[in-house]
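Next come the chains, spelled out residue by residue.
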Amino acid sequence: MKPAVGSALLPAAMAAEAAGRDDATAEPADCTEMEERLKEERMKADLEASLPAGQEDYAIQCRDVCRSYGKLKVLSNLNLTVPQGHIYGLLGPSGCGKTTLLKCIVGTLKISRGHITVLGKPPAFPGHDVPGKMVGYMPQDLALYNEFTISDTLTFFGRIHGLTSKETQARMDFLIDFLDLPQKHSLVRNLSGGQRRRVSLGAALLQNPELLILDEPTVGVDPVLRAKIWQHLVEIVKTGKVSVIITTHYIEEARQANVVGLMRNGHLLAEGPPDAVMKQHSATTLEHAFLQLCETSDQIDSKRGSSPQGGQLENSQSFESGRDESRPILGVGPGATEEVPKYSADWKVRARHLLPKWRNIAALMIKTMVRMKRMPGSLCFQFLLPVIQISLICLCVGGDPRGIQVAVVNNETSPSAYSQSLLSFLDNSSVHQVPLSHTEAFDGIYNGEYWGIIGFGKNFTSYLTKSIFVSSSSTAAAAPESQHTTAYREEAN
Ligand SMILES: Nc1ncnc2c1ncn2[C@@H]1O[C@H](COP(=O)(O)OP(=O)(O)OP(=O)(O)O)[C@@H](O)[C@H]1O
């Protein structure tokens, strides 16, 4: 049995309303506003829906959540509560921020401000399996590997969540039958868009998680199967141990949810049981109720002088009713002002959280091997690429220079001269010696024909011999060079 509405909720809502009334006395409110407010109060009193009371009874709590992409403010002081054991239908027009919110809840996106608690702790908290096996997340952009078969896909997620192969096999058989999937050996790349969505839904349902986060699971699914999926969700939440948050563009199918949240421009316009939301707006369908809420919101926005599509005020208080707009009408959870508990984890849990799990490493290795097996071309390329890179580097960088044209001006004519011996030591494949006269060499250098000149004075051998045999000091050893240079300079002049 689900707990009854927290009695603390209604007084909090009434207090907000009372505050609104106080404000309203300063400026006379018109009749429609008063009627609206009275209607809202009556509806709140009518809310005898089965909703939980304690903090531990909420699967998800979002308080004053803000998230921006650069300058684009997507979530603005959003408050949302998913009671434990309920299906929460998150509705809203395209681009209102539903997917962004779900990513923040699952912990793959960080919020800029506010607090989120998922199954008792913030997402991605050390030691908390969110994201992990406590949560089944079906993203909007399907995270499937095209080279995998349906069986590989479910086995991979089974490994990640620590299921035994027997458990995975049993769940796989059930899900293939339940979701009307093709043969388990069918490759994902050969499946239709709708079939892929169903495989992705199967992966989210695989480990029987405590919380299901489903981003448009019924898109491209035929009505019969759509009904079956909803029926399954209704069945699993009946145990009270599983909660579901689901987004859909088919607003009317969300009537099967226990609670709906109508989202627009990054915050909730209303949150409550579908019947209550419809009753409040005297609408026969959720779609009509949503339309009315949008119109009311637009009117308030235009009165406030801001564009309805424009960014939200940081801490929006309804200017006329005093209602805290960060709290949706018919909000099911505690107020935004409630105290947020502090969470802490000891260093051992933090350290364990940082270390990768062995089963995840194994699952990733097997995944890589299966993908390589199915893509032989890519496998060859991955092995050949380093070989090609190394060969290209060896060919282009680090090779000895060749055919460098160097002018040689040798004023020693004797074949036994040291200069001849020195020149014979040079590697002829790298340095191509061109014997020239002094003038020709310098002309060639000026014309850019030669890289340099090697020059020997006519007394180079005698100076060298003298310096070796006569002088023993280091100064003497250096002398031939300087003498040679001097001699060469003299000759050059
Ligand atoms: N990675 C991103 N970088 C920049 N902007 C983004 C990014 N992801 C989403 N947005 C923008 O944030 C806004 C909300 O996007 P989001 O996907 O949350 O909307 P949605 O309500 O899920 O839409 P739909 O129902 O069409 O899936 C959009 O204006 C979108 O362009």
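The sections below set out a description of the structure shown in this document. Residue positions are counted from 1 within each chain, in the order its sequence is given. Where local features are concerned, this predicted model is filtered to residues with pLDDT of at least 70; where side-chain atom pairs are given and counted, the filter is 80 or more; whole-chain, interface and lining totals use all residues. Derived side-chain values reflect all non-hydrogen atoms in the structure, with water molecules and hydrogen atoms excluded from consideration.

## A few points about the overall build of the protein chain
Okay, so step 1: Under the DSSP-based scheme used, a helix requires at least four consecutive residues in state H or I and a strand at least two consecutive residues in state E, with every element numbered from the N terminus. Per the secondary structure count, the protein chain includes 16 helices and twelve strands.
Okay, so step 2: Taking all 493 residues of the protein chain together, the buried fraction comes to 44%.
Okay, so step 3: The Shrake-Rupley method, run with a 1.4 Å probe sphere, supplies the accessible areas, and residue values consider only the shown protein chains as cover. Carbon together with sulfur atoms contributes 58% to the accessible area of the protein chain, which is approximately 26000 Å² in total. In this scheme, a residue with accessible area under 20% of its type's maximum is buried, one over 50% is exposed, and one in between is partly exposed, where area comes from a 1.4 Å probe on protein chains only.

## Concerning the packing of helix α13 (residues 418-425) against helix α15 (residues 460-469)
Okay, so step 1: Close contact between α13 and α15 brings their axes to 8 Å; oriented N to C, the two are set at 95°. Relative to α15, α13 is oriented roughly perpendicular. Across from Tyr418, Ser419 and Leu422 in α13, the residues of α15 making contact are Phe460, Thr461, Leu464 and Thr465.
Okay, so step 2: Amino acid classes used here: Ala, Val, Leu, Ile, Met, Phe, Trp, Tyr, Cys and Pro are nonpolar; Asp, Glu, Lys and Arg are charged; the rest, including Gly, are polar. Partitioning the contact of α13 with α15 into residue classes produces four nonpolar, three polar and no charged. Simply put, an axis is a line fit to the C-alpha atoms, just over the touching stretch for a helix, and the angle between two N-to-C directions goes from 0 to 180 degrees. Note on terminology: angles under 35 degrees are roughly parallel, angles over 145 are roughly antiparallel, angles of 65 to 115 are roughly perpendicular, and the others are oblique. Only heavy atoms matter for contacts: two residues are in contact if any of them lie within 4.5 Å across the pair.

## Comments concerning the site of the ligand
Okay, so step 1: Within the structure, the ligand sits among 14 residues, and Ser94, Gly95, Thr99, Thr100 and Gln140 are positioned closest to it.
Okay, so step 2: Contacts to the ligand include Glu216, whose side-chain N or O atom sits 3.4 Å from an oxygen atom.
Okay, so step 3: Compared with its free state, where it exposes 630 Å², the ligand has 62% of that area covered by protein.
Okay, so step 4: Here the element with the most residues in the shell around the ligand is helix α3 (residues 98-106); it accounts for three residues.
Okay, so step 5: A per-class count over the shell around the ligand returns five nonpolar, seven polar and two charged. Distances are taken per atom, and a residue is near a molecule or strand as soon as one of its heavy atoms is within 4 Å of it. Pairs of N or O atoms are called polar contacts if they sit within 3.5 Å, as long as, within protein, a hydrogen donor faces a hydrogen acceptor (for residues adjacent in sequence, only side-chain-to-side-chain pairs).

## Remarks on the pattern of salt bridges
Okay, so step 1: The rule for a salt bridge is simple: a side-chain nitrogen of Lys or Arg has to be within 4 Å of a carboxyl oxygen of Asp or Glu. Taken as a whole and judged by the stated rule, the model has five salt bridges.
Okay, so step 2: Its salt-bridge partner being Lys238, residue Glu235 comes within 3.7 Å of it at the nearest N-O pair. Here the residue Glu235 and the residue Lys238 both occupy positions in helix α7 (residues 223-238), the gap between them amounting to three residues, near one helical turn.
Okay, so step 3: We classify Glu235 as partly exposed; its relative accessible area is 43%.
Okay, so step 4: Put simply, Arg264 and Asp298 hold a salt bridge, and the shortest N to O gap is 2.7 Å. Highlighted residues: Arg264 in strand β8 (residues 259-264) and Asp298 in helix α9 (residues 286-304), separated in sequence by 34 residues.

## Considering the sheet that holds strand β10 (residues 404-410)
Okay, so step 1: Overall, parallel pairing links the three strands, which are arranged β11-β10-β12 in an open sheet. Of all the strands in the sheet, just β11 (431-435) and β12 (452-456) have a single pairing partner and so form its edges. Across the sheet, the mean angle separating the axes of adjacent strands is 30° when strand polarity is ignored.
Okay, so step 2: Pairing between strands is defined by DSSP: at least two bridges between them are needed. When β10 meets β12, the two strands line up parallel, connected through five bridges. The residue bridging Val406 from the neighbouring strand is Gly452, located in β12.

## Some words on the packing of aromatic side chains
Okay, so step 1: By convention, a stacked pair of Phe, Tyr or Trp rings (six-membered ring in the case of Trp) has centres within 6.5 Å and planes under 30 degrees apart, an edge-to-face pair has planes over 60 apart, and any other such pair is tilted. Going through the model one piece at a time under the given rule, you end up with six aromatic pairs.
Okay, so step 2: Taken together, a centroid distance of 6.1 Å and an interplanar angle of 75° make the contact between Phe148 and Phe156 edge-to-face.
Okay, so step 3: For Phe148, a relative accessible area of 2% corresponds to the buried category.
Okay, so step 4: Through pairs of rings, three or more aromatic residues link up here, namely Tyr145, Phe148, Phe156 and Phe157.
Okay, so step 5: Positioned above the aromatic ring of Tyr250, the side-chain terminus of Arg226 is 4.0 Å from the ring centre. For a Lys NZ or an Arg CZ to count as sitting over a ring, it must be within 6 Å of the ring centre and within 35 degrees of the ring normal.

## Observations concerning the layout of surface pockets
Okay, so step 1: The way it works is a 1 Å grid over only the protein atoms, where trapped points that fit a 1.4 Å probe form a cavity and open points with protein on both sides within 12 Å along at least five of seven lines form a pocket, and then any residue with an atom within 4 Å of a point lines it. Grid points are joined across faces, edges and corners, and a volume is the space filled by probe spheres set on the points. In this structure, the largest pocket occupies an estimated 980 Å³ of space.
Okay, so step 2: For the largest pocket, the lining is made up of 32 residues, of which Pro131, Gly132, Lys133, Ile160 and Asn360 are closest to its centre.
Okay, so step 3: Contributing elements (two or more residues each) for the lining of the largest pocket: β5 (135-138), α4 (150-160), α6 (193-205), α10 (347-354) and α11 (358-374).
Okay, so step 4: By residue class, the composition of the lining of the largest pocket is 17 nonpolar, ten polar and five charged.
Okay, so step 5: Two domains each provide a minimum of three residues to the lining of the largest pocket, namely domain 1 (9-134 + 209-216 + 234-355) and domain 2 (141-206 + 364-399). Domain start and end points were adopted from an automatic or database domain assignment.

## Considerations on α7
Okay, so step 1: Here α7 contains 16 residues, and its C-alpha end-to-end distance of 23 Å stays within 8% of the 22 Å for a straight helix at 1.5 Å per residue.
Okay, so step 2: Taken as a whole, α7 has its buried residues at Leu225, Arg226, Ile229, Trp230, His232, Leu233 and Val237. Considered in projection along α7, the buried side chains sweep an arc of 155° and stay on one side of the axis. Of the residues in α7, the exposed ones pointing more than 90 degrees away from the buried face are Pro223, Val224 and Lys238. The span one expects for a helix is its residue count, reduced by one, times 1.5 Å. Note that the arc is defined by the directions from the helix axis to the C-beta atoms.

## A look at the sheet that holds β5
Okay, so step 1: Spatially, six strands are ordered β5-β6-β7-β3-β8-β9 in an open sheet, and the strand pairing comes out mixed. Looking at which strands have only one partner, the edges of the open sheet turn out to be β5 and β9 (267-272). Between one strand axis and the next, the sheet turns through 15° on average, direction left out of account.
Okay, so step 2: When strand β3 (residues 87-91) meets β8, the two strands line up parallel, connected through four bridges. Across the sheet, Leu90 pairs through a bridge with Gly261, a residue of β8.
Okay, so step 3: Contacts from α6 reach β5 and β6 (211-215), with the element oriented near 170° to β5.
Okay, so step 4: Sitting on the sheet, α7 touches β3, β6 and β7 (243-247), and the angle it makes with β7 is about 150°.

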